[in-house]
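Structural characterization, general
Here is how the chains run, residue by residue.
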Amino acid sequence: YAKELVNLTPDVILANSTPVIEAFKGITASIPVVFALAMDPVGQGQVQSLSRPGGNFTGFTFIDPESIGKWMALLKDATPSITRAAVLFNPATTVTYGKWVQEIEAARRPGAIELVAMPAGTDGEMEAAIKTLAQKPGSGLIIGPDPFNQVRVVQIARLALQNRLPAISVYRPFVAAGGLMAYGPDTADIFHRSAAYVDRILKGAKPADLPVQQPVKFELAINAKTAKTLGLEIPAKLLFTADEVIE
């Protein structure tokens, strides 16, 4: 599909998600590409730097290692006894997490939450990994953006609740399905800003001259019913700052 689109020689392409961005990166060095919801575009070689992208790609990022740190902090606020957080991802669709986990762990201070990678490529592997994690006291689960996670977000929420795991995701539907918390960028805002870049390119701007931008609006949702089921008392300060609380 990416090749078909490039063969149409459009004036600009809007690419959503890392796998799609990678597909276009491999087949066009001339058509301007504005990406949305990119993860680690510098580390994956999609742009030279955030301030000076170079080439024909620019756009907007989704999450970064700091986002993982924020998820860990929110899990700790909601579950003071937590000592370990596992990041669920499929290495076939999102390889970035393995590198980020290593970087975060290398900088971990004594007494801080341990971060572990939890790769899974099938439903069976995912279910087994969640069950094994839940058997270790003090564990929590992180579900970041990944095509594998996105299509299973309701299933993951139910598994986390069944296994009594405090969990946080970037996806808002995760909380509606029974997950404990969701925190992440406002994706609608990212696409609105992407449209502005498309407009500027159509008017003559070059992607190389448009800096890659990071999210500016974030949303926090909490499922208070799930917290009660898990025996957790969410701090009032956290409830007050939440954009949505499901009772």
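Attention here is on the structure that accompanies the text.

Criteria and thresholds
- Residues numbered from 1 in each chain as written.
- Predicted model: local features only at pLDDT ≥ 70, side-chain atom pairs only at ≥ 80, totals over all residues.
- Heavy atoms only, no water.
- Pairing = 2+ DSSP bridges.
- Helix = DSSP H or I, 4+ residues; strand = E, 2+ residues; numbered from the N terminus.
- Axes fitted to C-alpha atoms, helices over the stretch in contact; angles between N-to-C directions.
- Contact = heavy atoms within 4.5 Å.
- Core = buried A, V, L, I, M, F, W, Y, C linked by side-chain atoms within 4.5 Å.
- Buried < 20%, exposed > 50% of the residue type's maximum accessible area, 1.4 Å probe, protein only.
- Expected span 1.5 Å × (residues − 1).
- Arc of directions from axis to C-beta.
- Salt bridge = Lys/Arg side-chain N within 4 Å of Asp/Glu carboxyl O.

1. A word on the sheet that holds strand β7 (residues 167-169)
- The strand order across the open sheet formed by 7 strands is β5-β4-β6-β7-β8-β9-β10, and the pairing between neighbours is mixed. One side of each edge strand has no neighbouring strand; the edge strands of this open sheet are β5 (114-119) and β10 (244-246). Going from strand to strand, the sheet's axes swing by 20 degrees on average, the running direction of each strand aside.
- Its contacts with the sheet put helix α4 (residues 96-106) on β4 (84-89) and β5, and the angle it makes with β5 is roughly 165 degrees.
- Packed onto the sheet, helix α5 (residues 123-134) meets β4, β5 and β6 (139-143) and runs at close to 150 degrees relative to β6.

2. Structural notes on the nonpolar core
- By size, the foremost hydrophobic cluster in this structure holds 63 residues, and its most contacted members are I68, L115, L141, I142 and M181.
- No other element matches helix α3 (residues 65-78), which puts 6 residues into this core.
- Not counting chain neighbours up to four residues away, the residues in contact with M181 comprise L74, L75, A78, A167, I168, S169, F174, V175, A221, I222 and L238.
- Core analysis: the second largest hydrophobic core is formed by 13 residues, I31, V33, F35 and V212 among them.

3. What about α5?
- Taking 1.5 Å per residue as the helical rise, α5 with its 12 residues ought to reach 16 Å, and the 17 Å between its terminal C-alpha atoms agrees with that figure.
- Here α5 has its buried residues at M126, A129, I130 and L133. The buried residues of α5 all sit within an arc of 95 degrees when viewed along its axis, so they share a single face.
- Tucked into the core, α5 has its buried residues touching β4, β5, β6, α6 (147-150) and α7 (153-162).

4. Examining the sheet that holds strand β1 (residues 13-16)
- Pairing within the open sheet is parallel, and its 3 strands lie in the order β1-β2-β3. Here the strands that pair on one side only, and so sit at the sheet edges, are β1 and β3 (57-61). If you compare each strand with its neighbour and ignore which way they point, the axes differ by 20 degrees on average.
- Sheet topology note: the strand β2 (residues 33-38)/β3 ladder contains 4 bridges and is parallel. Its bridge partner being in β3, A38 is matched across the sheet by T61.
- Along the sheet face, helix α9 (residues 187-202) touches β1, β2 and β3 and points at about 170 degrees away from the line of β2.

5. Points about the pattern of salt bridges
- For the structure shown, the criterion picks out 8 salt bridges.
- With a shortest N-O distance of 3.6 Å, E114 and R84 are connected by a salt bridge. Of this pair, E114 sits in strand β5 while R84 sits in strand β4, and the two are 30 residues apart along the sequence.
- Between D186 and K217 there is a salt bridge, and its shortest N-O distance comes to 3.8 Å. Taken as a pair, D186 in the loop between β8 (181-185) and α9 and K217 in the loop between α9 and β9 (218-223) lie far apart in primary sequence, 31 residues in all.

6. Observations concerning the pairing of β8
- Among the 5 residues of β8, 5 are classified as buried, and the element is accordingly described as predominantly covered.
- Where β7 lies against β8, 2 bridges are found, and the strand directions are parallel. Within the sheet, the bridge partner assigned to I168 lies in β8 and is M181.
- Of the pairings in the sheet, the one linking β8 to β9 comprises 5 bridges and is antiparallel in character. Paired with M181 across the bridge in β9 is I222.

7. So, unusual backbone geometry
- Despite not being glycine, T9 has its phi angle at roughly 45 degrees, a positive value.
- Its identity as a non-glycine residue notwithstanding, D40 has a phi of 55 degrees, on the positive side.
- Summarising the element assignment, D40 is placed in the loop between β2 and β3.

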